[in-house]
Amino acid sequence: MSIVTCIAPVNIAVIKYWGKRDEQLILPVNDSISASLDTDQLCAKTTIMASADFDADRIWLNGREESINNPRLQNCLREIKKRAQLSPEMENWKLHICSKNNFPTAAGLASSAAGYACLSAALAKLYRVEGDISSIARCGSGSACRSVYGGFVRWYAGTDPNGNDSIAKQIVPASHWPEMRILILVVNEERKKTSSAIGMKNGVLTSELLKYRAEHCVPKRVEEMNQAIMTKNFEKFAQLMMKDSNQMHAVCLDTSPPCFYLNDVSFGVIDLIHAYNEASNRVKVGYTNDAGPNTVLYLLEKDVPEVLGLLDYYFPSKPVDNVEYKRGNPPASA
Ligand code: 2P0
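Reading the values: the criteria
Residues numbered from 1 in each chain as written. Predicted model: local features only at pLDDT ≥ 70, side-chain atom pairs only at ≥ 80, totals over all residues. Heavy atoms only, no water. Helix = DSSP H or I, 4+ residues; strand = E, 2+ residues; numbered from the N terminus. Buried < 20%, exposed > 50% of the residue type's maximum accessible area, 1.4 Å probe, protein only. Contact = heavy atoms within 4.5 Å. Areas by Shrake-Rupley, 256 points an atom, 1.4 Å probe, with all protein chains shown as cover. Lys, Arg positive; Asp, Glu negative; His and termini not counted. Charge placed at Lys NZ, Arg CZ, Asp CG, Glu CD. Near = heavy atom within 4 Å. Polar contact = N/O pair within 3.5 Å; in protein donor to acceptor, adjacent residues only side chain to side chain. Nonpolar A, V, L, I, M, F, W, Y, C, P; charged D, E, K, R; others polar. Expected span 1.5 Å × (residues − 1). Salt bridge = Lys/Arg side-chain N within 4 Å of Asp/Glu carboxyl O.

Novice: Help me understand the overall build of the protein, please; the structure alone is not making it clear to me.
Specialist: Per the secondary structure count, the protein includes nine helices and 15 strands. Here the C-alpha coordinates of the protein stretch approximately 65 × 40 × 40 Å along the principal axes. The buried share of the protein, reckoned over its 334 residues, is 50%. Pairs at least 24 apart in sequence give 76% of the contacts found in the protein among residues at least 6 apart. For the protein, the accessible surface area stands at approximately 16000 Å², while carbon and sulfur atoms represent 50% of it. Both charge centroids of the protein, one from 37 positive and one from 37 negative side chains, sit 1 Å from each other.

Novice: Before we go on, may I ask you to explain the site of the ligand in this structure?
Specialist: As a structural note, the neighbourhood of the ligand is formed by 18 residues, with Tyr 17, Lys 20, Arg 72, Ser 141 and Ser 143 the closest of them. With respect to the ligand, the side chain of Tyr 17 contributes an N or O atom lying 2.6 Å from an oxygen atom. Within the contact set of the ligand, an oxygen atom lies 2.5 Å away from a side-chain nitrogen or oxygen of Arg 72. Burial of the ligand by the protein chains amounts to 93% of its free accessible area of 470 Å². Its residues assigned to classes, the shell around the ligand comprises eight nonpolar, five polar and five charged.

Novice: Quick question: what am I supposed to make of helix H6 (residues 208-230) here?
Specialist: Counting along an α-helix, one turn takes 3.6 residues, and residues three or four places apart therefore face a common direction. The terminal C-alpha atoms of H6, which comprises 23 residues, lie 32 Å apart, in line with the 33 Å expected from a rise of 1.5 Å per residue. Within the span of H6, buried status applies to Leu 210, Arg 213, Ala 214, Cys 217, Val 218, Arg 221, Val 222, Met 225, Asn 226, Ala 228 and Ile 229. In this structure, the buried side of H6 is in contact with strand S2 (11-15), strand S5 (32-36), strand S10 (152-155), strand S11 (168-172), helix H5 (196-206) and helix H7 (234-253). For H6, the N-terminal cap is Ser 207; the gap from its side-chain oxygen to the backbone nitrogen of Leu 209 is 3.2 Å. Positioned one or two residues after H6, Lys 232 has a phi angle of 55°, which is positive.

Novice: I would appreciate a short explanation of the side chain of Ser 207 in the present structure.
Specialist: In this fold, Ser 207 is placed in the loop between H5 and H6. Of note is the side chain of Ser 207, whose polar atom sits 3.2 Å from the backbone nitrogen of Leu 209. One polar contact links the side chain of Ser 207 to the main-chain amide nitrogen of Leu 210, over a distance of 3.0 Å. In contact with Ser 207, other than residues within four places in its own chain, are Asn 202, Val 251, Asp 254 and Thr 255.

Novice: Would you mind showing me how to read the pattern of salt bridges here?
Specialist: A side chain of one charge can pair with a side chain of the opposite charge if their charged atoms are brought near each other. As enumerated under the stated definition, the model contains 14 salt bridges in all. With its nearest N and O atoms 2.6 Å apart, the salt bridge here joins Asp 290 to Lys 16. Taken together, the residues span a long stretch of sequence, with Asp 290 in the loop between strand S13 (285-289) and strand S14 (295-300) and Lys 16 in the loop between S2 and strand S3 (20-22) at a distance of 274 residues. Several salt bridges converge on common partners, so that one network encompasses Asp 31, Arg 154 and Glu 223.

Novice: Please explain unusual backbone geometry as it appears in this structure.
Specialist: Excluding glycine, most residues fall at negative phi; most peptide bonds, likewise, are trans. Geometrically, the link from Ser 256 to Pro 257 is a cis peptide bond, its omega value of -5° lying close to zero. With respect to the helices and strands, Pro 257 occurs in the loop between H7 and helix H8 (264-280). A positive phi is found at Arg 128, a non-glycine position, where the angle reads about 50°. Using a relative accessible area of 66% as the deciding quantity, one classes Arg 128 as exposed. Look at Asn 281: it is not a glycine, yet its phi comes out positive at around 60°. Turning to its location among the elements, Asn 281 is positioned in the loop between H8 and S13.

Written out as structure tokens, the structure is:
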């Protein structure tokens, strides 16, 4: 029997992926950029056992058996086998796949990104596939291709209809900007009403703003963000991130039917951050929202105590099931 284990990080986009140019191949309409969180805090862990003695392929997610016929999972398996030099032994393998997240579902983080990145890395190790595996992770979930790398990562949309150039590359490792901190504010633990896949699909079909954003806004913004990261220009970084997050949610409103991911608390946090930055006469904190109400803050380590105090004053927290609450100790660092 062959056994491999891998871990992969959660990533939080600072320039958002929103919209596919090809639903089947999971090819995006625009480039995106994210930071991967430290894997010692938030990650997916996947173990794969391969043996000719198993009766069938099987998969367990967080201890529960799921269908192995999930089309996205099958896409990853097919892609890896296409790239592998299959030995006669490998040809006969059946796989038992166990994947676990070390973060609570209550944190509202997309588990599919870390999960599919991890699955792809583990499959690559098992089948001895070398080279970039971000395109394999992408076949599972678009944002998963960014979780293949640590630090700041850019997913290039590419132009090839087959998606050969739609891959992720690391911009810089986390060590480039060690002062960067990420706070995840758990506003609501409920599952979102509209999945991001449906929200994006409806957006591509109905939103003119989505098309405008992809063609006229993101290409320039993504270059500026790249530069802000390279030069560690926090103010520029935060401004671009906030603008891009708000534009993604404007696209969601411009979609028919519209998708509402933010709630009153998310808007309250956004208002507070703008008021705080204005009172500070500089941009000390940036925020971003994915397809849900939980707001993610990016800030520098030296500003963490003050910002936590501010949040505690305006949004006194109540204990959340399963969430380890670390006051004065940021939950994640890039
Ligand atoms: C992102 N999101 O860039 C954006 C911002 C959510 C908001 O990528 O259909 O789960 O699997 O490709 O990757 C969530 O979308 O969608 C996402 P699929 P995915 O992080």
